Amino acid sequence: MSALNGMVGDYLHERQNGLAIETAFYHQNRPLPLTKPAIQQAHPQPTTRLCVLIHGLGCHEGIWDFPHPKDPQQTTSYGDLLHADQGYTPLFVRYNTGVSVAENGKRLALLLDDLSAVYPISITEMVLIGHSMGGLVIRSACHYATEQGLAWVQQVTRAFYLGTPHTGANLERVANAATNILRTVPNPVTAIITNVLHLRSRGIKDLHNGRLVEPMRADGRTQEQPVAWLPHIQHYLINGALTNDPEHAITVLFGDGLVNVPGSGGAGTSAQHRPIPAEHIRLFPRTNHFQLAHDWAVYQQIALWCTPV
């Protein structure tokens, strides 16, 4: 269902199809109702520090699971490990990755607002961890929460972006270019292929340039809205590479297999964005895009950055 939603989730949502995933926290593969009793049942000893994990395109919260390095028979995750090691209460989001990033950002902003209203104790800190598209949804949610004056965004201290295509994903650019080229070919077969490519979801199309919010219309033209990196949040970029050498041609061309490695200056260093300092960027050699969501070494880096100085 998650893969289906990634491909045509916008179509399912628009037609109110029962297969469309609704944005919610999930616990043990079931939606977690946002009530105090339900949260206390899922987390009998809730803490004031939360970590919220948001998966990427076509995935669900299971992407975070991997064998515990000290007990391979036990399944763990970054959230579970942060709970055991540093006292963060983990919450896992599942959402329809086929609708636009902006729509998912709005939904996540409201979901976190609803959580704040019913959480059993006062929240003092929130850490957001997003894999791939999930990182874009985090930035979008923070943008809309700031616009609407939602209190939870001020509790966010750190945001981790694992393989997030802040400046766009090459795979979607290839699909977009192929669609535009095939449109010019007057052939019924290529027309069918073009139509199939064009049917890919809004969520996928937003990966073309890392779109976070709905574009503005001015003078009959579409203009992208810049979204700043919120200054009160510590932002961290974690990326993978297919080779050991970041300068290797394969890594330069393909990055982690789906997303390119950001430049040494970090993502978004233009005037409307906040530069990411070099010490907040980490590249993991021989680590592919999906591995970034469930890798022991990646967790250790996240845990190090979360450790109070």
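Because the structure is predicted, anything quoted here is derived from the model rather than measured.

Considering the overall build of the chain
If you tally the helices and strands in the chain, you get 10 helices and 12 strands. The buried share among the 309 residues of the chain stands at 48%. A separation threshold of at least 6 residues defines the contact pool for the chain, and within that pool the share at least 24 residues apart is 75%.

Some points on a nonpolar patch on the surface
Among the surface-exposed residues, Leu-242, Ile-250, Leu-253 and Phe-254 lie close enough to one another that they form a single nonpolar patch of about 360 Å² accessible area. Tracing the sequence through the fold places Phe-254 in helix α9 (residues 249–254).

Observations regarding the packing of helix α4 (residues 101–118) against helix α5 (residues 133–148)
The relative placement of two packed helices comes down to the angle between their axes together with the axis-to-axis distance. Look at α4 against α5: their axes get within 7 Å of each other, and the N-to-C directions meet at 60 degrees. Considering their axes alone, α4 and α5 lie oblique with respect to each other. In this structure, α4 crosses over α5, and the sense of that crossing is right-handed. The residues of α5 that touch α4, namely those facing Val-101, Ala-102, Asn-104, Gly-105, Lys-106, Leu-108, Ala-109 and Leu-110, are Met-133, Leu-136, Val-137, Ile-138, Ser-140, Ala-141, Tyr-144, Ala-145 and Gln-148. Split into classes, the residues belonging to the contact of α4 with α5 amount to 12 nonpolar, 4 polar and 1 charged.

Considering the nonpolar core
Within the largest apolar cluster, 45 residues are counted, with the highest numbers of intra-cluster contacts made by Phe-25, Leu-112, Leu-128 and Trp-152. Broken down by element, this core gets its largest block of residues, 8 residues, from α5. Discounting residues that sit within four places of it in the chain, Phe-25 has contacts with Arg-30, Pro-31, Leu-32, Leu-34, Val-52, Leu-91, Phe-92, Val-93, Leu-111, Leu-112 and Leu-115. By size, the runner-up hydrophobic cluster in this structure holds 26 residues, among which are Leu-81, Phe-160, Leu-162 and Cys-306.

Brief notes about helix α3 (residues 78–86)
Within α3, burial applies to Tyr-78, Gly-79, Leu-81, Leu-82 and Gln-86. When α3 is viewed along its axis, its buried side chains cluster within an angular range of 160 degrees and face the same direction.

Let's talk about unusual backbone geometry
With phi around 50 degrees, Gln-16 is a residue other than glycine that occupies positive phi space. Inspection of the secondary structure puts Gln-16 in the loop between α1 (2–14) and β1 (24–27). Given the relative accessible area of 75%, Gln-16 is considered exposed. Notably, Ser-132 is not glycine yet its phi reads approximately 55 degrees, a positive angle. Relative to the helices and strands, Ser-132 is located in the loop between β7 (125–131) and α5. A relative accessible area of 9% means that Ser-132 is categorised as buried.

Comments concerning the side chain of Ser-2
For Ser-2, the location among the structural elements is in helix α1. When near neighbours in sequence (up to four residues on either side) are disregarded, Ser-2 contacts Ile-21, Gly-58, Cys-59, His-60 and Thr-97.

With respect to the confidence of the model for the chain
Here the chain averages 86 in pLDDT, while 84% of its residues score no lower than 70. In the model, residues 172–183 has pLDDT below 50 throughout and makes 23 contacts with residues more than four positions away in sequence or in other chains. Confidence drops under pLDDT 50 across residues 189–198; counting only partners more than four residues distant or on other chains, this segment forms 13 contacts.

What about the pairing of strand β3 (residues 49–54)?
When you tally the buried positions in β3, you get 6 out of 6 residues, the bulk of the element. Residues Arg-49, Cys-51 and Leu-53 point to one face of β3 and Leu-50, Val-52 and Ile-54 to the other, with burial holding for every one of them. One ladder, built from 6 bridges, connects β3 with β7; its direction is parallel. For Ile-54, the partnering residue across the bridge sits in β7 and is Gly-130. Pairing of β3 with strand β6 (residues 89–94), which is carried by 5 bridges, proceeds in the parallel orientation. The residue of β6 that forms the bridge with Leu-50 is Thr-89.

Re the side chain of Thr-89
Position of Thr-89 relative to the elements: it lies in strand β6. What makes Thr-89 buried here is its relative accessible area of 1%. Polar side-chain contacts of Thr-89 include one of 2.7 Å to the side chain of Thr-47.

Rules used throughout
Residues numbered from 1 in each chain as written. Predicted model: local features only at pLDDT ≥ 70, side-chain atom pairs only at ≥ 80, totals over all residues. Heavy atoms only, no water. Helix = DSSP H or I, 4+ residues; strand = E, 2+ residues; numbered from the N terminus. Buried < 20%, exposed > 50% of the residue type's maximum accessible area, 1.4 Å probe, protein only. Contact = heavy atoms within 4.5 Å. Patch = residues over 30% accessible without salt bridge, like charges linked within 9 Å, V, L, I, M, F, W, Y side chains within 5 Å. Areas by Shrake-Rupley, 256 points an atom, 1.4 Å probe, with all protein chains shown as cover. Salt bridge = Lys/Arg side-chain N within 4 Å of Asp/Glu carboxyl O. Axes fitted to C-alpha atoms, helices over the stretch in contact; angles between N-to-C directions. Parallel < 35°, antiparallel > 145°, perpendicular 65-115°, else oblique. Left-handed = near helix turned anticlockwise from the far one by under 90°. Nonpolar A, V, L, I, M, F, W, Y, C, P; charged D, E, K, R; others polar. Core = buried A, V, L, I, M, F, W, Y, C linked by side-chain atoms within 4.5 Å. Arc of directions from axis to C-beta. pLDDT = per-residue confidence, 0-100. Pairing = 2+ DSSP bridges. Polar contact = N/O pair within 3.5 Å; in protein donor to acceptor, adjacent residues only side chain to side chain.

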